[in-house]
Amino acid sequence: MTNYWRMAFRWGNQGTEVWEQCRDQGIAAIGYYFNGEPVVGDCSEIDEKEFYTVWRSKALPSPTRQSSLKHVAYHMDKGDTIYAKEGTQIVGKGTVKSKYKYRPGIVKQKGILWEHYVEVDWDKNFKPFTLNLEANQNTVLKLDTERLDKIHAMESKTNFLYDCVDEIFEENEGEQYIKEAVFRKRNKKIIDKKKKKSDYRCEVCDMNYKEVYGEIGKNYIIAHHIEPIGSRDGSSPTTIDDIALVCSNCHNMIHKKKPPLSIEELSNLINK
Ligand SMILES: [Zn+2]
Ligand SMILES: [Zn+2]
């Protein structure tokens, strides 16, 4: 059976760097040193019961540490999935490629020395998201169904959002699209004023949504930002004349050109 894990790669304030090193090395590592020596040596040479005895003999506190190492040494298996945790974020996802391995210093960095690991194929296209699953004291946590459902939900939500953004940018109007969305938000009042004074007709083709689509199209029209040349810094206040009301077809055509066509230019292009 495949298991799902959440694993943190922190060491004091160096957490970030250790995660990046593990990702770059294609491993998930953990380490516990005590008096300059690994607390437990090569776990593949002892079984779980002996492991427990060795750990106890060092009289170390923290059962969560013991179970974290035990998971890596005895419970992780090829095909398992690991989600990498960094603070409140899930920053990585990978598939376990090997059983437990032991090599002191596999992770070596300013005062950090880790020795237990599994090989992992980390997903290069993973999109990080924020998700607090509690149990933050556990370096390695086996994910139950409830936590896994939460992770999967966030994962698909995040992928969906990224896909949407990709789509917008593919159309090559992405930047303009976002700029205009910001403009509309900032100038909502003046846009509403302009709309109320209008008959909700496209200034280019004369189309009115209600006439075509009925009630659902009532009062629908797109506010296009006419950007006067040379005033791109946005220092001059927006006036009603900086807004054109157009249908979505005409709006798309306006932005086919860079800089965008003027209302007059597009009007001259269409057959009325
Ligand atoms: Zn139109
Ligand atoms: Zn526009």
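Here the structure is a predicted model, which means the values were calculated and not measured.

Draft legend 1. Examining the overall build of the protein more closely. Regarding its fold elements, the protein presents nine helices and twelve strands. A compact globule built from 272 residues should have a C-alpha radius of gyration of about 19 Å, whereas the protein, at 29 Å, is more than 25% larger. A principal-axis box enclosing the C-alpha atoms of the protein has dimensions of 90 × 40 × 30 Å. Counting all 272 residues of the protein, 39% fall into the buried class. Long-range contacts, defined here as pairs at least 24 residues apart, represent 64% of the contacts in the protein between residues at least 6 apart. Carbon together with sulfur atoms contributes 50% to the accessible area of the protein, which is approximately 16600 Å² in total. For the protein, the distance from the average site of its 42 positive side-chain charges to the average site of its 41 negative ones is 3 Å.

Draft legend 2. Looking closely at the coordination of the zinc ion (ligand 2). Around the zinc ion (ligand 2), the protein contributes the donor atoms Glu180 (OE), Glu180 (OE), His224 (ND1), His251 (NE2) and His255 (NE2), at 2.0 to 2.5 Å from the metal centre. For Glu180, a relative accessible area of 3% corresponds to the buried category. Its relative accessible area of 4% is what places His224 among the buried residues.

Draft legend 3. Here's a closer look at the coordination of the zinc ion (ligand 1). Bound to the zinc ion (ligand 1) on the protein side are Cys202 (SG), Cys205 (SG), Cys247 (SG) and Cys250 (SG), at distances that span 2.2 to 2.4 Å. With four donor atoms in place around the zinc ion (ligand 1) and angles of 104 to 117° between them, the coordination shape is tetrahedral. Counting the intervening residues between successive donors of the zinc ion (ligand 1) yields the motif C-x2-C-x41-C-x2-C. On the criterion of sequence distance, the pair formed by Cys202 in the loop between α6 (188-197) and α7 (209-213) and Cys247 in the loop between β12 (243-246) and α8 (248-254) is long-range, its members being 45 residues apart. In this structure Cys247 comes out as buried when scored by relative accessible area, which is 3%.

Draft legend 4. Representation of the pattern of salt bridges within the structure. Counted under the stated rule, the structure contains eleven salt bridges. Close ionic contact of Asp77 with Lys99 constitutes a salt bridge, the shortest N to O distance being 3.6 Å. Here Lys99 lies in the loop between β6 (89-96) and β7 (101-109) and Asp77 lies in the loop between α3 (63-75) and β5 (81-86), a separation of 22 residues in the sequence. Residue Asp77 is classed as partly exposed on the basis of its relative accessible area of 32%. The shortest N-O distance in the salt bridge between Arg201 and Asp199 comes to 3.8 Å. The network of salt bridges with common partners includes Asp199, Arg201 and Glu211.

Draft legend 5. Representation of the domain arrangement of the protein in the model. Partitioning the protein into structural domains gives domain 1 (4-169) and domain 2 (174-269). Spacing between the C-alpha centres of domain 1 and domain 2 amounts to 51 Å.

Draft legend 6. Expanded view of the pairing of β12. Across the two faces of β12 the burial is the same, with Ile243 and Leu245 and Ala244 and Val246 all buried. Taken together, the four bridges between strand β11 (residues 222-225) and β12 define a ladder with antiparallel strand orientation. When the sheet's bridge partners are listed, Ala223 is paired in β12 with Leu245.

Draft legend 7. Summary view of unusual backbone geometry. For the bond running from Lys258 to Pro259, omega is -5°, close enough to zero to count as cis. Among the secondary structure elements, Pro259 is positioned in the loop between α8 and α9 (263-269). Its identity is not glycine, yet Ala135 carries a phi of approximately 50°, on the positive side. Inspection of the secondary structure puts Ala135 in the loop between β9 (129-130) and β10 (140-142). Taking relative accessible area as the criterion, Ala135 reaches 18% and is therefore assigned buried. Phi is positive for Tyr200, close to 55°, though the residue is something other than glycine.

Draft legend 8. Region of interest: α3. Buried residues of α3: Gln66, Ser68, Leu69, Lys70, His71, Val72 and Ala73, and no others. Contact partners of the buried residues in α3: β1 (4-8), β2 (27-30), α2 (48-57), β8 (112-122) and β10.

Parameters and conventions
- Residues numbered from 1 in each chain as written.
- Chains lettered and ligands numbered in written order.
- Predicted model: local features only at pLDDT ≥ 70, side-chain atom pairs only at ≥ 80, totals over all residues.
- Heavy atoms only, no water.
- Helix = DSSP H or I, 4+ residues; strand = E, 2+ residues; numbered from the N terminus.
- Rg over C-alpha atoms; globule rule 2.2 N^0.38 Å.
- Buried < 20%, exposed > 50% of the residue type's maximum accessible area, 1.4 Å probe, protein only.
- Contact = heavy atoms within 4.5 Å.
- Areas by Shrake-Rupley, 256 points an atom, 1.4 Å probe, with all protein chains shown as cover.
- Lys, Arg positive; Asp, Glu negative; His and termini not counted.
- Charge placed at Lys NZ, Arg CZ, Asp CG, Glu CD.
- Donors = N, O, S within 2.8 Å, 3.2 Å for Na, K, Ca; no water.
- Tetrahedral: all angles 85-135°; square planar, octahedral: opposite > 155°, others 65-115°.
- Salt bridge = Lys/Arg side-chain N within 4 Å of Asp/Glu carboxyl O.
- Domains from an automatic or database assignment.
- Pairing = 2+ DSSP bridges.

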